[in-house]
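# Coordinate inspection notes
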Amino acid sequence: MNSLSLRESRPERPERGCITLIVFSLPFDLKCGCTATVQFLVRMKRCLLRFDPKYLVSTFVLSTKLRIETPTTVSRLTSTVPSAIAVLEINGPSALDYAKRCWRPNQGDNNLQINAIRFGFTRCDGLEQGESIVICRTGECRVEIHCHGGRMASDAILRKLVLCGALEQPANLGRFVRSTDEIAFEAQQDLLLATTLRTTSILLDQFRGSLGLELDTIKSMMIAGNTAEAIRRLTQLNARAELGRHLIEPWQVVLAGPPNSGKSSLLNMLLGYSRAIVHEQAGTTRDLLEERSSFDGWPIELVDGAGIRTAMDAIEATGIEQTLQRIATADCTLLLVDRATGWTQTHDQILNHCSGSVVLVNTKSDLTRVGDHERLNSIPDSITMRVDTSSVTGDGVKELMNSVVSILVPQPLLPGHPVPFRQRHRDMIKDLIRRAADR
Ligand SMILES: Nc1nc2c(ncn2[C@@H]2O[C@H](COP(=O)(O)OP(=O)(O)OP(=O)(O)O)[C@@H](O)[C@H]2O)c(=O)[nH]1
Ligand SMILES: [Mg+2]
């Protein structure tokens, strides 16, 4: 009779999340139908299956139930940037069980009623003292854990949940978005990663509909045949694409110059704290130093590296090579000229590597020496943006920051302005421009 033996893998107790699979293998498609079915079943993980292929030719109708386990996942709903509170969500058939294994109630039993907020302590390695947590079962198979927002606490709980068997995966924040607007959803995701007030408020504008509304208006204009105005607005949007790209990803600003020109001193001055070693010995910096900051609310990554010269050894040569590579891809290079040496062949060499904008920085302005004027006169006219700075007095540093911002963000941006902030938006705008131009 039915010689294909399938043993049902039963959960210890009935749980939601089990998928019932009913397989019918019909007599008229016997051989190939059964083979395909068995191959399919074999591929199913955790399915206890015993069969002998020689029985596949038998006539039978097979009906069985298989349990395919839906994984229980854990996701961090809050940003990875340390903050006051972190929220982890456990989702899936074992959510309740896993939550109870890393939580101890402050009083009463450990039952979790749906939507009841419970207070308690962690039961995790590294947090044995019991970090305070708030726990809430938000659904049949969903639990939220609210803990201290530092990475140590949230990571320890996350680790414990993974040890229990939960699968760590990125949060699906889509269901928290009230609007069905895709742009609003994207803005909400990026808001988690915004690091300055300025970029946060720009993303908030997009979340509230600035970009979505503008794109809708442009599309209506195109349908109505007002192509010229549509193209004008699209071009305006396109001009903000670079800005939108850097709301999360900082602009790369590299400090470059010969050794001893004052790069590390200026880096420290721009950051407002002593990050790099400064020394009168030429060739002090070798490794690349990358530090994130912001100029007037715009995210900037400052890069300091080896001074450019003929290397004294292999280590310095590697450092110089790395610096030149960063100059080649930088959004903006600060080209430092020490007033004592003026413009040299090294500066020409650096300039040849620059693909982004260049700001010429005459350093050590507090030291005025005879001949300064002539030395600085030899600077090529092609570099129009020039600033004098002193890392001793701080003179010119603010002006330098303003100059960089004026290069990176040439057009003023007013509150509520639409900004394309994802590659998808930039592609969409390019596509609309193409379509408008074809009309
Ligand atoms: N008076 C004065 N001295 C400065 C200024 N900037 C840098 N210096 C001095 O110049 C020397 C070199 O400064 P660094 O900042 O280390 O120069 P660098 O370009 O990073 O040098 P390398 O790392 O060797 O490539 C140090 O002795 C600094 O104190 C400045 O604005 N004024
Ligand atoms: Mg240095």
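Note that the structure is predicted; figures quoted are calculated from it, not measured.

About the thresholds
- Residues numbered from 1 in each chain as written.
- Chains lettered and ligands numbered in written order.
- Predicted model: local features only at pLDDT ≥ 70, side-chain atom pairs only at ≥ 80, totals over all residues.
- Helix = DSSP H or I, 4+ residues; strand = E, 2+ residues; numbered from the N terminus.
- Buried ≥ 20, exposed ≤ 12 C-beta atoms within 10 Å, placed from the backbone.
- Contact = placed C-beta atoms within 7 Å.
- Near = placed C-beta within 6 Å.
- Nonpolar A, V, L, I, M, F, W, Y, C, P; charged D, E, K, R; others polar.
- Axes fitted to C-alpha atoms, helices over the stretch in contact; angles between N-to-C directions.
- Parallel < 35°, antiparallel > 145°, perpendicular 65-115°, else oblique.
- Left-handed = near helix turned anticlockwise from the far one by under 90°.
- Core = buried A, V, L, I, M, F, W, Y, C linked by C-beta atoms within 7 Å.
- Pairing = 2+ DSSP bridges.
- Expected span 1.5 Å × (residues − 1).
- Arc of directions from axis to C-beta.

## Thoughts on the overall build of the chain
Looking only at helices and strands, one finds 14 helices and 15 strands in the chain. Split into buried and exposed, the 439 residues of the chain put 30% on the buried side. Summarising the internal contacts of the chain: among those between residues at least 6 apart in sequence, 65% fall at separations of at least 24.

## With respect to the site of ligand 1
Around ligand 1, the surrounding shell holds 23 residues, and the nearest of these are G262, S264, S265, T285 and G307. If you tally residues by element for the shell around ligand 1, the top one is helix α9 (residues 263–271), at three residues. Grouping the amino acids of the shell around ligand 1 by side-chain chemistry returns five nonpolar, 14 polar and four charged.

## Things to note about the packing of helix α4 (residues 182–191) against helix α5 (residues 197–207)
Helix packing geometry: the angle between the two helix axes and the distance between the axes. The geometry of α4 relative to α5 is characterised by a closest axis approach of 8 Å and an angle of 160° between their N-to-C directions. Considering their axes alone, α4 and α5 lie roughly antiparallel with respect to each other. In this structure, α4 meets α5 at a crossing whose hand is left-handed. Here I183, A184, A187, Q188, D190 and L191 of α4 lie close against α5, whose contacting residues are T200, L203, L204, Q206 and F207. Within the contact of α4 with α5, the residues separate by chemical class into seven nonpolar, three polar and one charged.

## Digging into the nonpolar core
What tends to happen in soluble globular proteins is that the nonpolar side chains get buried as a cluster. Ranked by internal contacts, the top residues of the largest apolar core, which has 34 residues, are V253, L255, A256, L335, V359 and V361. Elements with a contribution of two residues or more to this core: β10 (251–256), α9, β12 (298–304), α10 (314–329), β13 (332–338), β14 (357–363) and α13 (397–408). Each residue touching A256, except ones within four places of it in the same chain, is listed here: I308, T323, I327, T333, L334, L335, L336 and I350. With 23 residues, the next largest nonpolar core counts L96, L112, I133 and L161 among its residues.

## A closer look at unusual backbone geometry
At D296, a residue that is not glycine, the phi angle is positive and equals roughly 50°. Within the fold, D296 resides in the loop between β11 (289–295) and β12. Look at K364: it is not a glycine, yet its phi comes out positive at around 60°. Here K364 lies in the loop between β14 and α12 (372–377).

## A short note on the pairing of strand β4 (residues 85–91)
Inspection of the sheet shows strand β3 (residues 73–76) paired to β4 by four bridges, in the antiparallel sense. Bridge pairing in β4 links R76 to L88. Across seven bridges, β4 lies against strand β8 (residues 142–148) in antiparallel orientation. Residue L88 lies in a different strand from β8, and its bridge partner there is I145.

## Digging into the environment of E291
Take E291: it is sitting in strand β11. Taking the number of C-beta atoms within 10 Å as the measure of exposure, E291 has 16 and is therefore partly exposed. Separated by 13 residues in the primary sequence, E291 and D304 place their C-alpha atoms 8.7 Å from one another.

## Re helix α7 (residues 227–239)
At 3.6 residues per turn, the α-helix brings residues three or four places apart onto the same side. Compared with an ideal rise of 1.5 Å per residue, which puts 13 residues at 18 Å, α7 spans 18 Å between its outermost C-alpha atoms and is within 8% of the ideal. By the burial criterion, the buried members of α7 are A230, R233, L234 and L237. Seen along its axis, α7 keeps its buried residues to an arc of 100°; they face one direction. In α7, the exposed positions that point more than 90 degrees away from the buried face belong to A228, T235 and A239.

## Considering the sheet that holds β13
Where strands meet in a sheet, backbone hydrogen bonds hold them as pairs that are either parallel or antiparallel. Spatially, the six strands line up as an open sheet ordered β11-β12-β10-β13-β14-β15, and their pairing is mixed. The sheet is open, and its two edges are formed by β11 and β15 (386–388), each paired on a single side. Pairs of neighbouring strands in the sheet enclose a mean axial angle of 25°, with direction left out of account. Bridge count between β10 and β12: five bridges; the pairing is parallel. When the bridges of β12 are listed, L255 appears paired with D304.

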